[in-house]
Amino acid sequence: MSPSRTAPTLIAQYRCFDGWVRRYRHASESTGTDMVFGVYLPPRAEHAPVPVLYWLSGLTCTDENFMQKAGAQRLAARLGLALVCPDTSPRGTHLPGEHDSYDLGSGAGFYVNATEAPWSAHYRMYDYVVHELPALVEAHLPVTDRRAVSGHSMGGHGALVCALKNPGRYASVSAFAPIANPSRCPWGQKAFRAYLGDDPQRWRQWDACALIAQAEERLPLLVDQGAADEFLAEQLHPEALEAACAAVGHPLQLRRHPGYDHGYYFVATFIDDHLRHHAQALLGDYL
């Protein structure tokens, strides 16, 4: 996909740790809709382009949840990392059933390219976050083409899938409480059946546990999981990711944290570890 020749429209900005939190709107080729995304530009971006951590949010979220709740800007400012946060689905299409439940349609794009009607016309969030948005950001903002990817829950699934399917595109990857084996959990099965059809074999190309076996790049995975997460047993299945990595020797640091649930207090507690993980890969000896 070619980068947009039209610069995104700035719709809001806020000074933050001597950098800028900004929100932009643009017309997306991937989704056929207007899309909004958030950016944090650290102070260093005023003098030279900086690398980017792309953050993929979870079910029901927008581009704003991470920026407002994770507390990532303080350390990102010190490290010299830009943060880019896309929305979690197309908006304004009003497809049949799109707004009927929290886990399908609005706020629940699952970072796949839908193949089934009516979703296939707009729900191409994989193309959007992997190709279109980075091309747009790199063409119009003071950033480099050094990229990392992370996310939470549905976005953790997205981060793992984007990295595993695109060797060499990201310097690092991490996830918080990812939906690690969506083909085998209610959230994933509902979304995949709607977006991709009834054949579970087609779902495997969007399932981190299946992709691990055939990955061309063994990019180390950093995954944090709250042990008190209310979705742990039924939806997340980190043990499946652990087994898939062990079977092929894929490097995985899976950290389980007693007492932590699924929310942004959990993310905020450990986000600095993830920022340092990504900064080490993106900036290396510069740190």
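Everything below is about the structure printed above this text.
Parameters and conventions
Residues numbered from 1 in each chain as written. Predicted model: local features only at pLDDT ≥ 70, side-chain atom pairs only at ≥ 80, totals over all residues. Heavy atoms only, no water. Helix = DSSP H or I, 4+ residues; strand = E, 2+ residues; numbered from the N terminus. Contact = heavy atoms within 4.5 Å. 1 Å grid on protein atoms, 1.4 Å probe; cavity = no way out; pocket = protein on both sides within 12 Å on 5 of 7 lines; lining within 4 Å. Points joined across faces, edges and corners; volume = space filled by probe spheres on them. Nonpolar A, V, L, I, M, F, W, Y, C, P; charged D, E, K, R; others polar. Phe/Tyr/Trp six-rings, centres within 6.5 Å; stacked < 30°, edge-to-face > 60°. Buried < 20%, exposed > 50% of the residue type's maximum accessible area, 1.4 Å probe, protein only. Salt bridge = Lys/Arg side-chain N within 4 Å of Asp/Glu carboxyl O. Polar contact = N/O pair within 3.5 Å; in protein donor to acceptor, adjacent residues only side chain to side chain.

Engineer: Which residues make up the environment of Y264, and what values do they have?
Structural biologist: Mapping Y264 onto the fold places it in helix α10 (residues 264–283). Taking C-alpha positions, Y264 is 8.7 Å from N65, a pair spaced 199 residues apart along the chain. Setting aside anything within four residues of it in sequence, one finds Y264 in contact with W55, S57, N65, F66, K69, A70 and H152.

Engineer: Go over empty space enclosed by the protein, please, and point to the residues and values.
Structural biologist: Counting across every chain of the model gives one cavity of 30 Å³ or more. The space that makes up the largest cavity amounts to roughly 30 Å³. Lining the largest cavity, in full, are A163, L164, V173, E217, L219, L221 and H250. Its residues assigned to classes, the lining of the largest cavity shows five nonpolar, one polar and one charged.

Engineer: I'd love a proper account of unusual backbone geometry, names of residues and values included.
Structural biologist: Residue P118 is reached from A117 by a cis peptide bond, and omega for that bond is 0°. Its place among the elements puts P118 in the loop between β5 (82–86) and α3 (125–140). Positive phi, close to 65°, is recorded for D18, a residue that is not glycine. Among the secondary structure elements, D18 is positioned in the loop between β1 (9–16) and β2 (19–27).

Engineer: Tell me about the packing of aromatic side chains, and name the residues and values.
Structural biologist: For any two aromatic rings, the description comes down to two numbers: the centre-to-centre distance and the angle of the planes. A complete count under the given rule lists 14 aromatic pairs for this structure. Note on W55 and F66: the rings are 4.2 Å apart at their centroids and 25° apart in plane angle, and the pair reads as stacked. On the criterion of sequence distance, the pair formed by W55 in strand β4 (residues 50–56) and F66 in helix α1 (residues 64–69) is long-range, its members being eleven residues apart. Neither W55 nor F66 differs from the other in exposure class; each is buried. Summarising the aromatic geometry, the rings of W187 and F231 are spaced 4.7 Å apart at their centres and angled 50° between planes, so their arrangement reads as tilted.

Engineer: Let's hear about the pattern of salt bridges: which residues, and what values?
Structural biologist: Here the structure, examined in full by the defined rule, presents twelve salt bridges. Residues participating in the shared-partner salt-bridge network are R23, D63 and E64.

Engineer: Describe in detail the side chain of Q73, supporting the description with residues and values.
Structural biologist: For Q73, the position within the fold is in helix α2 (residues 73–79). Engagement of the side chain of Q73 in a polar contact is seen with the backbone oxygen of M67, the distance being 2.9 Å. Those residues in contact with Q73 that sit more than four places away from it in its chain are C16, F17, V21, Y40 and M67.

These values are about where atoms sit, not about what they do.
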